[in-house]
Amino acid sequence: MNKKILIKILILAFILMILGVVLYYFCVNDKLNGAVQLYSVNIKKVPSYEQINGENIGFTCTGLYYDENEQLFYVGNIGKYKPEEKTFKATIEIIDSNFENIVGTIKLYDKYPNIKDVQGITKDNNGNIWFCSPAENLIRLISKDGSEISKISVKNPSGIAYDKEKKSLWVLTNKFLINYSVEGEIIKKFFIKEKGQDQLYIDESKILFTAGLDYNGDSYIYEVDKETGKYKIKYILKDSFAIEGISIVDNNILILNDGYYHDAKVAENQINYYSNIK
């Protein structure tokens, strides 16, 4: 190949690389435009009911719901402390409003032998519990004693929230945000694909979902338009590195982190409180 032509090709390749970097920079900054950076105002360790190697590690939390009437948290527990462990003993732990003491346990592993990790938890208007069972590709509805009421087939579910006004369910998977009737009929389906999208929260005005796979960097909360499915980054969490649950209580965002399980930058299973949200 002619030397001059080779030099021109190399120069063109270099220019294209620079343009790619600049374009990526502007796209990222546009995506983050208007997002609010949040730092925790309070952090509490997930309660323990057993010691691991002499330490109170706290169970591996995977899903968060706060019952305002009962003033209790319902928290998923996959039932193991590290990914390499073979046995799952999934439960739902019920924790007091101060997030300090376990006051009840629903032993899912006793009733559902094929269950592995439990993800995403919510409650309906009757006080029954919906949760995601990704290994089974199901969302399950159970009573407070763990007895099954119904189930819906959903591929790769991770986050779930009950719309009290519409009496329907929103389920987040690895590709979609889906609005279901409680009988399992699809009402709406939005394509959503962000790295590490995981947990859901809903109230009268908004849907929020969490995302982030960098266990040493920022995590994100996205806001979704219920009608169009359009979404944008609402908050950047500067000190939550392994998000596994989201709720809003008294105008505070509460974020579960299972940092111990993932060897995150903060290797603790904990709940982070963020205040003064807008």
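Each remark here, short or long, concerns the structure printed above.
Since the model is a prediction, treat every value here as computed from it, not as a measurement. (Residues numbered from 1 in each chain as written. Predicted model: local features only at pLDDT ≥ 70, side-chain atom pairs only at ≥ 80, totals over all residues. Heavy atoms only, no water.)

**Student:** Before we move on, can you summarise the overall build of the protein chain with the specific residues and values?
**Tutor:** The secondary structure content of the protein chain amounts to three helices and 21 strands. With respect to the principal axes defined by its C-alpha atoms, the protein chain has extents near 75 × 50 × 40 Å. Each of the 278 residues in the protein chain was classed as buried or not, and the buried ones make up 50%. Of the accessible surface of the protein chain, which amounts to about 14,500 Å², a share of 51% is contributed by carbon and sulfur atoms. (Helix = DSSP H or I, 4+ residues; strand = E, 2+ residues; numbered from the N terminus. Buried < 20%, exposed > 50% of the residue type's maximum accessible area, 1.4 Å probe, protein only. Areas by Shrake-Rupley, 256 points an atom, 1.4 Å probe, with all protein chains shown as cover.)

**Student:** How would you summarise the side chain of D163 if you had to cite specific residues and measurements?
**Tutor:** The topology assignment puts D163 in strand β11 (residues 159-163). Side-chain polar atoms of D163 contact the backbone nitrogen of E165, separated by 3.1 Å. Here the side chain of D163 touches K166 through a polar contact of 3.0 Å, landing on its backbone nitrogen. Apart from residues no more than four positions distant in its own chain, D163 is found in contact with S168, W170, I202 and K226. (Polar contact = N/O pair within 3.5 Å; in protein donor to acceptor, adjacent residues only side chain to side chain. Contact = heavy atoms within 4.5 Å.)

**Student:** Explain the pairing of strand β12 (residues 168-172) residue by residue, including any values.
**Tutor:** Here is the key point about a regular strand: its side chains alternate between the two faces of the sheet. The buried fraction of β12 amounts to five of the five residues, a majority that puts the element mostly inside the structure. Residues S168, W170 and L172 of β12 are buried on one face, and the alternating residues L169 and V171, pointing to the opposite face, are buried as well. Strand direction decides the pairing type here: β11 and β12, joined by five bridges, are antiparallel. Its bridge partner being in β12, I160 is matched across the sheet by V171. Counting the residues in the hairpin turn of β11 and β12 gives four residues, including K167, whose phi is positive at 55°. Of the pairings in the sheet, the one linking β12 to strand β13 (residues 176-181) comprises five bridges and is antiparallel in character. Within β13, the position partnered with L169 by the bridge is Y180. Here β12 folds back onto β13 in antiparallel fashion, the turn holding three residues. (Pairing = 2+ DSSP bridges.)

**Student:** Tell me what's going on with the sheet that holds β13, and back it up with residues and numbers.
**Tutor:** What the four strands build is an open sheet, ordered β11-β12-β13-β14; its pairing is antiparallel. Edge positions in the sheet fall to β11 and β14 (186-191), since each has one partner strand and no second. Across the sheet, the mean angle from the axis of one strand to that of its neighbour is 15°, orientation sign disregarded. (Axes fitted to C-alpha atoms, helices over the stretch in contact; angles between N-to-C directions.)

**Student:** For the environment of E85, give the residues involved together with the corresponding values.
**Tutor:** Inspection of the secondary structure assignment puts E85 in the loop between β4 (72-77) and β5 (91-96). Look at E85 and you get partly exposed, because its relative accessible area is 31%. Sequence separation of E85 and V36 is 49 residues, and the distance between their C-alpha atoms is 37 Å. Side-chain polar atoms of E85 contact the backbone nitrogen of Y81, separated by 3.1 Å.

**Student:** Outline the sheet that holds strand β17 (residues 219-224), supporting the account with residue identities and numerical values.
**Tutor:** The mixed open sheet is built from five strands, whose spatial order is β1-β18-β17-β16-β15. Both edges of this open sheet fall to β1 (36-38) and β15 (200-202), since each of them pairs with a single strand only. Here the strands of the sheet are splayed against their neighbours by 25° on average, with no regard to which way each runs. In terms of strand pairing, β1 meets strand β18 (residues 231-237) through three bridges, oriented parallel. For L38, the partnering residue across the bridge sits in β18 and is L237.

**Student:** I'd love a proper account of the packing of aromatic side chains, names of residues and values included.
**Tutor:** Throughout the structure, instances matching the rule amount to seven aromatic pairs. When the centroid spacing of 6.2 Å and the interplanar angle of 20° are considered together, the rings of W170 and F190 count as stacked. A residue pair is termed long-range when its members are at least 10 positions apart, and W170 in strand β12 and F190 in strand β14 qualify at 20 residues. Here the two residues W170 and F190 agree in accessibility, since each one is buried. Note on Y222 and Y231: the rings are 5.7 Å apart at their centroids and 65° apart in plane angle, and the pair reads as edge-to-face. (Phe/Tyr/Trp six-rings, centres within 6.5 Å; stacked < 30°, edge-to-face > 60°.)

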